[in-house]
Amino acid sequence: MKRIRSILRGREGMTLVELVVGAGLLCLVIAVFSASLSPAAEISRRTQELNSAELIADDLLETVRSRVETATEYIKCYENGADITDQTGSSHGSAVEFGTSNAVELLTADGCAETAIMVGSRAAGTEAAVEKGYLLERYYDNSTGVFYSKNADGTPCARALAQTYAKGFYMGLRAGLYFELDESGRTVTATVTNTGDKAGKDVVEVYYNPPYTDGGIEKASKNLAGFEKTKELQPGESQKVTVKFDDDDMASYDYKGAKAYVLEKGDYDISIQSDSHHVIDHKAITVKDTVTYDSDSNTHNGDKTVATNQFDDVAGDVTYLSRADHFANYKEATAAPTNFKMSDKAKETFYNNSNYDSKKFDKDSDKMPTTGAKNGLKLSDMYGKDYDDADWDKLLDQLTFDDMDNLIANGGYGTQAVKSVGKIQLTDADGPASLNNNFTGVGSIGFPASTAFACTWNKDLAKQFGEMIGDMAHDMHVAGWYAPAMNIHRNAFSGRTFEYFSEDSLLSGVMASSEISGAKSKGVYSFMKHFALNDQETKRTEMLCTWTNEQAMREIYLKPFEMSVKEGGAQAVMSSFNYIGNTYAGADSALLQTVLRGEWGFKGFVLTDYFGGYGYQNADQEVRAGNDSMLATTKITNHITDKSATSVKAMRQAAHNILYTAANSWQYANGEPKVATPIWKTAMYVAWGVVAVLVIGLEFLTIKRYLSRKKAVATIEPAAEPAQAE
């Protein structure tokens, strides 16, 4: 303390060590202060102010509550002669929840694995899938209303007869069914009347039953064509609701014959239903002539090119359940597998990091693209320009090999800055029920899971959710959202079912595309995921091969993604971990180039799921197939080392896709982004300045005092020597 007081009073100077220690302590104090102003704290406070987001949750809960409070549904299951009564919201499983009138739970016995129709889903989705041979978890017989679940060895369990009883529903449908045929297609109008004593909402569900030829194209007897939700109706109040759909929507994919979508001639029964089993009214319409969507002038549902077989090899050595002869091949199709080896033919084109050789796939005809040009363009110049605008080539010419490699290899939770084109670093956040930054720990308000949103059948609510995500993304300075997830509920026990909407492709597609559209309206790009067939979590990063036929792929598993591109305007995609057949999804050009971009017209970039290598993820293979960026946080096989013309050409295309998406995000909407210096950085800069001034000042004072003392010593006269005695 004496030493400190002496220094402060100017009696002594500071040594170099003391200066360093003092400056360090001062920096520490200022750093602690500035930490309270860091992004995490700043965003946390801002997030707490977003109380308006609770409105979405309140609306969703009100939708659920209106059913639960005013409707009591009892499920009677008869299995092995037992009479088991279960009330809505049973804890036996997730099937009966939120008062959904279409959820039926199968209570099991004799060691049968529990089988349930998922929350908020329609029995028709499962029923349709099984009749087509798409889902083998359960079997439904239309004629008897009997469900069969299966044992581990594939044999049917004791059959369970499921009946539903609805008491006192607060809503009713009146005034019948009306049809209009106009240029936009089919129009169904229904009048919904609240016949209860409490206010609430309901859904008008429209289904179609297409003509089926025994042994012909596989078809389900119940298919959701469209739906609309009412406004909140007071007791006794009515509302006229219109549901529209096109003839295209009733077409089936014929992967064996026409290898295209086909709308077969005949009578189509159109019905308004309270759920997939209870018909309120119906009417047949006739398609006079068979329509095959196999020409450029007649593509299916707005496809840019004709949809035709791309996945014949994905069918594998599998017997698929068929409706022919009333499911005559049921026993064979549902038998437990006995062969767990990949065929020799499939092995010939199976690639992972041990046998992939980029040179094998180089093309002599490819020419080396221009790199490192000085054209003076910046990414901000490209906002709003068409994907094929000539300026893109000029901008891409400015990129170097290292620029492209950095952009491609380091795509984990954001896109990298690129100095040559003036691109700033952008942050992407995880989802799907919120925004989460896995590095800073900052997260937004969380919302109900996707399955809960699907329970509401409310398109507007889903879009509002996307808009709220967009607003919070602005607050968190986030450009992209790793969501929504839209794989299919194949099994109630899948580890990621909570992220997905439903087992029905249309319901999933409507909700997903609405969320994407909402986020896009705020300039935030959504990564629709996991593309595709990511329906199993177990061993999903161990080269899991998924086998299915093309009809199942297109009508069920790919449909939500297709709708998200065509109706939601998706700008980004996250590919899945699994193999599709014997090809890794992130390196499947048929999926990522031919279907996604060629048929659907997708413009944007594709990102892998987390890039851990896993023995099969390889950046060179992926960019050549249309997977543009690696969700990597470490340096492994995510970097490209092949500098052949074929490789660099693929890198340039990947860079184009990434930069196109980034340029059209909200951060470029007002020209060159002004990267504001965060207040915590400003405080730190001030601290550094203060410390520098103090150090310089103290050094100056120390040197000055030292020189003063030295001068004083030098000017002192030496004392006179005493005279010596003689």
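Residues numbered from 1 in each chain as written. Predicted model: local features only at pLDDT ≥ 70, side-chain atom pairs only at ≥ 80, totals over all residues. Heavy atoms only, no water.

**Student:** Looking at this structure, I do not really get the confidence of the model for the chain. What am I missing?
**Tutor:** Low-pLDDT stretches of the model should not have their predicted coordinates read in fine detail. The predicted model of the chain averages 80 in pLDDT, with 72% of residues at 70 or higher. Within the model, the stretch residues 35-58 combines pLDDT values under 50 with 32 contacts to residues more than four positions away or in other chains. Within the model, the stretch residues 62-171 combines pLDDT values under 50 with 290 contacts to residues more than four positions away or in other chains. (pLDDT = per-residue confidence, 0-100. Contact = heavy atoms within 4.5 Å.)

**Student:** Before we go on, may I ask you to explain the pattern of salt bridges in this structure?
**Tutor:** Think of it this way: side chains of opposite charge can pair up when their charged atoms draw near. For the structure on display, the rule yields 25 salt bridges. Measuring nitrogen to oxygen at the nearest pair gives 2.8 Å for the salt bridge that ties Asp-397 to Arg-652. Remark: Arg-652 occurs in helix H18 (residues 645-663) and Asp-397 occurs in helix H9 (residues 390-397); sequence separation between them is 255 residues. The exposure classification of Asp-397 matches that of Arg-652, with both residues buried. Glu-550 serves as the salt-bridge partner of Arg-554, at 3.0 Å between the closest nitrogen and oxygen. Linking Arg-554 with Glu-550, this pair stays in helix H14 (residues 550-557), spanning 4 residues, or about one helical turn. A single burial state applies to Arg-554 and to Glu-550, both of which are buried. A single salt-bridge network, built from bridges that share partners, covers Lys-359, Asp-362, Asp-620, Arg-624 and Asp-642. (Salt bridge = Lys/Arg side-chain N within 4 Å of Asp/Glu carboxyl O. Helix = DSSP H or I, 4+ residues; strand = E, 2+ residues; numbered from the N terminus. Buried < 20%, exposed > 50% of the residue type's maximum accessible area, 1.4 Å probe, protein only.)

**Student:** Sorry if this is basic, but what is going on with the side chain of Asn-223 here?
**Tutor:** Relative to the helices and strands, Asn-223 is located in strand E11 (residues 223-229). On the basis of relative accessibility, which here comes to 9%, the residue Asn-223 falls in the buried class. Looking at Asn-223, its side chain comes within polar contact range of the main-chain oxygen of Ala-220, at 3.0 Å. (Polar contact = N/O pair within 3.5 Å; in protein donor to acceptor, adjacent residues only side chain to side chain.)

**Student:** Would you mind going over the sheet that holds strand E16 (residues 279-287) with me for this structure?
**Tutor:** Two strands in a sheet stick together by hydrogen bonds in their backbones, pointing the same way (parallel) or opposite ways (antiparallel). Pairing in this open sheet of 4 strands is antiparallel, and the strands run E11-E10-E15-E16 from one edge to the other. Where the open sheet ends on each side, the last strands, each with one partner, are E11 and E16. The mean inter-strand angle of the sheet, taken between neighbouring strand axes irrespective of direction, is 20°. (Pairing = 2+ DSSP bridges. Axes fitted to C-alpha atoms, helices over the stretch in contact; angles between N-to-C directions.)

**Student:** Hey, could you run me through the pairing of strand E14 (residues 260-263) in this one?
**Tutor:** On a regular strand, each side chain points to the face opposite its neighbour's, so the side chains alternate between the two faces of the sheet. Of the strand pairs in this sheet, strand E13 (residues 252-254) and E14 are connected by 3 bridges, and their pairing is antiparallel. Along E14, the bridge assignment pairs Ser-252 with Val-262. A loop of 5 residues connects E13 with E14, the two strands running antiparallel in sequence, and Lys-259 in this loop sits at a positive phi of about 55°. As paired elements, E14 and strand E17 (residues 291-293) share 3 bridges and run antiparallel to each other. Looking at E17, one finds that Leu-263 is bridged to Val-291.

**Student:** Can you walk me through the sheet that holds E13 in this structure?
**Tutor:** What the 3 strands build is an open sheet, ordered E13-E14-E17; its pairing is antiparallel. Of all the strands in the sheet, just E13 and E17 have a single pairing partner and so form its edges. Ignoring strand direction, the axes of neighbouring strands in this sheet form an average angle of 35°. Strands E13 and E14 of the sheet are contacted by H14, whose axis makes an angle of about 160° with E13.

**Student:** Sorry if this is basic, but what is going on with unusual backbone geometry here?
**Tutor:** Generally, phi is negative for residues other than glycine and the peptide bonds are trans, each holding for most cases. Backbone torsion omega between Gly-431 and Pro-432 reads 5°, so that peptide bond is classified as cis. Cis geometry marks the peptide bond from Ala-483 to Pro-484; its omega dihedral reads -5°. In this fold, Pro-484 is placed in the loop between strand E20 (480-482) and helix H13 (505-520). Even without being a glycine, Tyr-413 presents a positive backbone phi close to 60°. Looking at where Tyr-413 falls in the secondary structure, it is placed in the loop between helix H10 (401-409) and strand E18 (414-415).

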